Amino acid sequence: MTNTDSNSTLRAAVIGGSGYTGGELARLLMQHPSIELTAITSRRLAGKPIHTVHPNLRGFTQLQFATADDALSHAQNAGPFDVVFLCLPHRRSAEQIEQWLGAARLVVDLSADFRLRSPDDYREWYGEDHPTPERLATATYGLPELHRDDLRALSTSNTTPIVSGVGCNATAMNLALLPLARAGLIERAICDIKVGSSEAGAEPNLGSHHPERAGTVRHYAPAGHRHAAEVNQALTPIQSAAGGSAFTLDVAVTAIELIRGAVCTAHIIPTEAISTKQLYTLFREAYADEPFVRVVRDRAGLHRLPDPKHVAGTNLADVGFDVDERTGRVICIAAIDNLVKGAAGSAIQAANLALGLDETAGLNHIGLHPN
């Protein structure tokens, strides 16, 4: 893959675009200055306007859903897409990856299929063998705050790269814990994550049925959430590079009455005592140059700590912290929109880097207040 002229318009396809993440990719790409959404697929809705299931896009596009075969034929006749975003169910991306690598200059997979590099780790966390284990080690983890240089280097790749999407809960955990990991200070972290209903996806099920979901505080994964594997894989090398040892990570996920959003409250036992002033320094150093991460930690006021409501619809992540002076416990918080920074937004941010574009292109949206 060669570097991209920032003045040229690139062609994108969204494969499996009828769900919430596909809809968010379409919304964001329609406002992108350098990438044009030229195909979006759905086997079930082929031939229907995309506003059939994404009503917010009515009047902004004439695109209709196509079949995957139509998208592949388009790539054969008009040349490979510059980027293909895969929004397919678990295992489907891995089973189809070779055909999409042949139809694009860059493939960004938003499923969990390529997030873990080790086939053994995949088997442990997903309970089955990976369909294409030889591809796992070749994928770049698509969280720019951790792998910006690796993603940017893909713009000069001689083969079609794979960028893995990042789990929404993993994104919140990674951003909450990163400043302490870079200092080698984590001994144990217990991440308590509250999530909205959109994390369950667009397909209805008993758990998303309104009488069952409304007003709920449901502890659906009090232990053993799969996104813990991503965080261990991402942050352990960073902590080790800072002279720290491997740390213990526990994760609990709770569904609450919210549509968009995920907030991670990480309770951390540090390897040594740390003050509020030191935390300020660590967070500012970690995120001073990050275009989509805001440090939110005021001493007083209604909005003094991160709240997912304030980043809804944006690619922003708000991070904050506190210290329990009595016990030495450190509390680190990260709030995101699970569909944007936790999925479609980070995918486009990663694609921008891998295509040699401005990292922030198409993503500079200001959130709503109130909403």
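Everything numeric in this text was worked out from a predicted model, so none of it was measured. (Residues numbered from 1 in each chain as written. Predicted model: local features only at pLDDT ≥ 70, side-chain atom pairs only at ≥ 80, totals over all residues. Heavy atoms only, no water.)

**Student:** Looking at this model, I keep getting lost on the overall build of the protein. Mind explaining?
**Tutor:** A tally of regular secondary structure across the protein gives ten helices and 13 strands. Dimensions of the protein along its principal axes, counting C-alpha atoms only, are 65 × 50 × 40 Å. Contacts spanning at least 24 positions in sequence make up 73% of the contacts within the protein whose residues lie at least 6 apart. Counting 32 positive and 40 negative side-chain charges, the protein places the centres of these two groups 5 Å from one another. (Helix = DSSP H or I, 4+ residues; strand = E, 2+ residues; numbered from the N terminus. Contact = heavy atoms within 4.5 Å. Lys, Arg positive; Asp, Glu negative; His and termini not counted. Charge placed at Lys NZ, Arg CZ, Asp CG, Glu CD.)

**Student:** How should I be thinking about the sheet that holds strand E10 (residues 262–270) in this particular structure?
**Tutor:** Hydrogen bonds along the backbone pair up the strands of a sheet, which may run parallel or antiparallel. The strand order across the open sheet built from seven strands is E8-E9-E7-E10-E13-E12-E11, with neighbouring strands paired in mixed fashion. Looking at which strands have only one partner, the edges of the open sheet turn out to be strand E8 (218–221) and strand E11 (293–295). Put simply, the sheet's adjacent strands are angled 25 degrees from each other on average, direction ignored. Sheet analysis places strand E7 (residues 186–195) next to strand E9 (residues 248–255), joined by eight bridges and oriented parallel. Bridging across to E9, Ala189 finds its partner in Leu249. On top of the sheet, helix H6 (residues 168–182) reaches E7, E8, E9, E10, strand E12 (317–323) and strand E13 (330–336); it is set at about 140 degrees to E13, its chief contact. Most of the contacts of helix H9 (residues 276–287) go to E12, to which it runs at about 160 degrees, and overall it touches E11, E12 and E13. (Pairing = 2+ DSSP bridges. Axes fitted to C-alpha atoms, helices over the stretch in contact; angles between N-to-C directions.)

**Student:** Before we go on, may I ask you to explain the side chain of Thr276 in this structure?
**Tutor:** Positionally, Thr276 belongs in helix H9. The exposure class of Thr276 is buried, given its relative accessible area of 19%. (Buried < 20%, exposed > 50% of the residue type's maximum accessible area, 1.4 Å probe, protein only.)

**Student:** Hey, could you run me through the packing of H6 against H9 in this one?
**Tutor:** Between two packed helices, both the angle of their axes relative to each other and the distance between the axes serve to describe the pair. The interhelical angle for the contact between H6 and H9, taken along N-to-C directions, is 110 degrees, at an axis separation of 9 Å. The pairing of H6 with H9 is recorded here as roughly perpendicular in orientation. Residues Asn174, Leu175, Ala176, Leu178, Pro179, Leu180 and Arg182 of H6 pack against Leu279, Leu282, Phe283, Ala286 and Tyr287 of H9. Counted by class, the contact of H6 with H9 contains ten nonpolar, one polar and one charged residues. (Parallel < 35°, antiparallel > 145°, perpendicular 65-115°, else oblique. Nonpolar A, V, L, I, M, F, W, Y, C, P; charged D, E, K, R; others polar.)

**Student:** What is the right way to read the environment of Ala286 from this model?
**Tutor:** Among the secondary structure elements, Ala286 is positioned in helix H9. Taking the C-alpha atoms as reference, Ala286 lies 5.6 Å from Pro179; in sequence the two are 107 residues apart.

**Student:** Would you explain the environment of Leu178 in this entry?
**Tutor:** Mapped onto the elements of the fold, Leu178 is located in helix H6. In the structure, Leu178 is positioned 33 residues away from Glu145 in sequence and 9.2 Å away in space, judged by C-alpha atoms. Ignoring anything within four residues of it in the chain, the contact list for Leu178 reads Glu145, Leu146, Leu235, Ile238 and Tyr287.

**Student:** Explain H6 here, please?
**Tutor:** Owing to its 3.6 residues per turn, the α-helix brings residues three or four apart onto one side. Taking 1.5 Å per residue as the helical rise, H6 with its 15 residues ought to reach 21 Å, and the 21 Å between its terminal C-alpha atoms agrees with that figure. Along H6, the largest kink reaches about 35 degrees and is centred on Ala176; proline Pro179 follows within four residues of it. Of all the 15 residues making up H6, 14 are buried; the element is thus mostly covered by neighbouring parts of the structure. (Expected span 1.5 Å × (residues − 1). Bend = angle between axes of the 7 residues up to and from the residue.)

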